[in-house]
Amino acid sequence: MRTPQEKDKKNLRMQRDENAIKKQVKIARAHGMNVKEPHKFAKHHALDCGQPGCVLCGNPRKTFSELTQQENRLFQDVEQPRDKHSNGLPREHHD
């Protein structure tokens, strides 16, 4: 037998899944898609076409042959000091 806490957890999980499906169905209908099986949106987004070469769904490294923002930060030249403020203006040195 399940305890009342386990039942509450299961009911909450089922409610979250149903709410996520309703949101995806609403998005799909807003974009003119015909929704016959709403439960297919349980694990997939409505606007995800599933093609890896797609501009929206694909990996930017493979689609555009460029690095992601995280990789750009990783590979930036940290040994060359940048003598600028955060707004891009150069600092004035008073030596």
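This text follows the structure it describes.
Since this is a predicted model, take the numbers as computed values, not measurements.

Let us now look at helix α1 (residues 4-30). Helix length check: α1, at 27 residues, gives a terminal C-alpha distance of 39 Å against a target of 39 Å (1.5 Å per residue), a fit within 8%. Of the residues trailing α1, Gly32 is marked for its positive phi of about 85°.

Together, Ile27, Met33 and Leu47 line one region of the surface with nonpolar side chains, adding up to about 240 Å² of accessible area. If you trace the backbone, Ile27 turns up in helix α1. With relative accessibility at 34%, the residue Ile27 sits in the partly exposed group.

Once that is clear, we can look at the environment of Asp48. If you trace the backbone, Asp48 turns up in the loop between α1 and α2 (60-63). Residue classification places Asp48 among the partly exposed positions, given a relative accessible area of 39%. C-alpha of Asp48 to C-alpha of Gly58: the two residues are 10 residues apart in sequence and 9.8 Å apart in space.

Here is what the cut-offs are and how they apply
- Residues numbered from 1 in each chain as written.
- Predicted model: local features only at pLDDT ≥ 70, side-chain atom pairs only at ≥ 80, totals over all residues.
- Heavy atoms only, no water.
- Helix = DSSP H or I, 4+ residues; strand = E, 2+ residues; numbered from the N terminus.
- Expected span 1.5 Å × (residues − 1).
- Patch = residues over 30% accessible without salt bridge, like charges linked within 9 Å, V, L, I, M, F, W, Y side chains within 5 Å.
- Areas by Shrake-Rupley, 256 points an atom, 1.4 Å probe, with all protein chains shown as cover.
- Salt bridge = Lys/Arg side-chain N within 4 Å of Asp/Glu carboxyl O.
- Buried < 20%, exposed > 50% of the residue type's maximum accessible area, 1.4 Å probe, protein only.

Structural measurements only, silent on function.
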